[in-house]
Amino acid sequence: MHWHATHGRHDLPWQTMGTRPDPYPVWVSEIMLQQTRVDTVIPYFQRFMARFPDISSLARADEDEVLALWSGLGYYGRARNLHAAARLIAQRHGGRFPYDHAAIQQLPGIGRSTAAAIGAFAFARRRAVLDGNVKRVLARVFGVAGWPGDRVVEARLWQLAESLLPRSGIRAYTQGIMDLGALLCTRTQPRCDVCPFAAECVAHREGRYRTLPGPRPGKALPEKTTAMLVMTHGGRVMLEKRPRSGIWGGLWSLPEHPAGEDMVHAAMHQGFQVLTCEPLPHVVHGFTHLRLHIRPWLVAVSRPTGIATPARVWLPLRALHDTALPAPVRRILAALAVSGGEASARDAA
DNA sequence: AAGACGGGGAC
DNA sequence: GTCCCAGTCTT
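If you're wondering where the values come from, they're calculated on a predicted model, not measured in any experiment.

Novice: Explanation requested: the packing of aromatic side chains in the structure shown.
Specialist: Two descriptors summarise a pair of aromatic rings, namely the distance from one centre to the other and the angle between the planes of the rings. Applying the stated criterion across every chain, the model contains eight aromatic pairs. A ring pair is formed by tyrosine 24 and tryptophan 27, whose centres lie 6.1 Å apart and whose planes are at 70°; its orientation type is edge-to-face. Placement of the pair is tyrosine 24 and tryptophan 27 together in helix α2 (residues 23–32), with a separation of three residues, close to one helical turn. Under the relative-accessibility criterion, tyrosine 24 is labelled buried at 1%. Overall, tryptophan 27 belongs to the buried group, its relative accessible area being 0%. Summarising the aromatic geometry, the rings of phenylalanine 48 and phenylalanine 52 are spaced 5.2 Å apart at their centres and angled 65° between planes, so their arrangement reads as edge-to-face. For phenylalanine 48, a relative accessible area of 0% puts it in the buried group. You can call phenylalanine 52 buried: its relative accessible area is 0%. One aromatic cluster is present, built from ring pairs that chain together Tyr24, Trp27 and Phe97. The cationic tip of arginine 47 hangs over the ring face of tyrosine 44; the distance from NZ or CZ to the ring centre is 4.9 Å. A cation over an aromatic ring shows up here: arginine 112 above the ring of tryptophan 158, its NZ or CZ 3.7 Å from the ring centre.

Novice: Is there a simple way to think about the protein's contact with DNA strand C in this case?
Specialist: Around DNA strand C, 25 residues are found, and the nearest of them are Leu33, Gly109, Thr114, Gly132 and Asn133. Among atoms of DNA strand C positioned within 4 Å of the protein, sugar and phosphate together represent 66%. Within the side chain of threonine 114, one N or O atom sits 2.7 Å away from a phosphate oxygen of DNA strand C. Within the side chain of asparagine 133, a nitrogen or oxygen atom sits 2.5 Å from a phosphate oxygen of DNA strand C. Those elements giving two or more residues to the surface near DNA strand C turn out to be α8 (112–123), α9 (132–141) and α11 (170–184). Among the residues making up the surface near DNA strand C, the classes are represented as eight nonpolar, nine polar and eight charged.

Novice: Mind showing me how you'd approach the packing of α9 against helix α10 (residues 151–163) here?
Specialist: Pairs of packed helices are described in terms of their axes, by the angle between the two and the distance that separates them. Running from N to C, α9 and α10 point in directions that differ by 90°, and their axes come no closer than 10 Å. It follows that α9 is roughly perpendicular to α10 by the angle criterion. Mapping the contact onto sequence places Lys135, Leu138 and Ala139 in α9 and Glu154, Leu157, Leu160 and Ala161 in α10. Each residue belonging to the contact of α9 with α10 can be placed in one class, and the counts come to five nonpolar, no polar and two charged.

Novice: What is the right way to look at the protein's contact with DNA strand B in this model?
Specialist: With respect to spatial proximity, 22 residues lie near DNA strand B, and among them Tyr75, Tyr76, Arg151, Lys219 and Trp248 are the closest. Per the 4 Å cut-off to the protein, sugar and phosphate atoms form 62% of the nearby atoms of DNA strand B. Contact distances for DNA strand B include 2.6 Å between a phosphate oxygen and a backbone N or O atom of tryptophan 248. Between arginine 331 and DNA strand B, the recorded distance is 3.4 Å, taken from a side-chain N or O atom to a phosphate oxygen. Partitioning the surface near DNA strand B into residue classes produces nine nonpolar, nine polar and four charged.

Novice: Which parts of the structure should I look at to understand the side chain of threonine 323?
Specialist: Positionally, threonine 323 belongs in the loop between β8 (312–316) and α14 (327–338). Of the residues examined, threonine 323 reaches a relative accessible area of 9% and is grouped as buried.

About the criteria used
- Residues numbered from 1 in each chain as written.
- Chains lettered and ligands numbered in written order.
- Predicted model: local features only at pLDDT ≥ 70, side-chain atom pairs only at ≥ 80, totals over all residues.
- Heavy atoms only, no water.
- Phe/Tyr/Trp six-rings, centres within 6.5 Å; stacked < 30°, edge-to-face > 60°.
- Helix = DSSP H or I, 4+ residues; strand = E, 2+ residues; numbered from the N terminus.
- Buried < 20%, exposed > 50% of the residue type's maximum accessible area, 1.4 Å probe, protein only.
- Lys NZ or Arg CZ within 6 Å of the ring centre and 35° of its normal.
- Near = heavy atom within 4 Å.
- Polar contact = N/O pair within 3.5 Å; in protein donor to acceptor, adjacent residues only side chain to side chain.
- Nonpolar A, V, L, I, M, F, W, Y, C, P; charged D, E, K, R; others polar.
- Axes fitted to C-alpha atoms, helices over the stretch in contact; angles between N-to-C directions.
- Parallel < 35°, antiparallel > 145°, perpendicular 65-115°, else oblique.
- Contact = heavy atoms within 4.5 Å.

Below, the structure written as structure tokens:
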């Protein structure tokens, strides 16, 4: 806590509040910060808060607009859960963010650690957080070997985290241990020379900072190839709404087809007359659990005869920015919009 | 208990 | 290229 007072982070956008902070920005930031670095989150947080300044405005919003503001941030279930939780708070909690730890953790998208973080920062509730930073600090200081994702290792880390909580000053403590992990006790180049725990840290004393915490067990990354249809007509491109579950759930994306299928046939099968059909440069997109090879096909079609459904939309290429697109799809379409004078010219022809 | 779920920055 | 981040939910 002493270290945090002088060396911690005090100017993050969601910290600009007094001793009785609004739980809403705390909540939004904590959800965005799940598995996502501070520097990545900041611009998303600013945009989100400008558009949805309070729980009520978020509860009234369309899910599509919430997802559009989340586009590029990843783990889109976070956005769907955030939105659902806002509506739930409006209905079941009278529009007030719940105070009780159990009630907070009951909300969709909020687990044990996030509930503790919100409770600590917003209400000074005394519960332990256990995020990637805290896991790293504890594993090193106390010499907890093994991968933190392992159930036994994680249980030990939770036990440590709970046992270390101060009687008072939970905000400074929670922010402090996170900041220590993020700023000093970093993964590869920890600053043990200026760390307040160097004298008592097992990893430092025994020269084990490289192996603590233990790495995730290696696993071969599955590869998958898919073709995507970039159907254009009059400077617009056709998008489909993806199912709510699964990858890119609820986002707008290009129609997928098994690689190797005849794309002209695929486009015609959707009810279009194909004018031209040509391959675009193929894109490799890495997930944590999958490597996806995308083969986009640019298909100019004549007047769309396909039935208009809510799950299908013709989007002007200029309107990409406020649409909820997966990152690789955004890149494919952005490249098209730039070099894309010719595409529209061909469409016009 | 394990897998699904994004994207990007650091090395 | 590899690792992993202010984790949670589903199976």
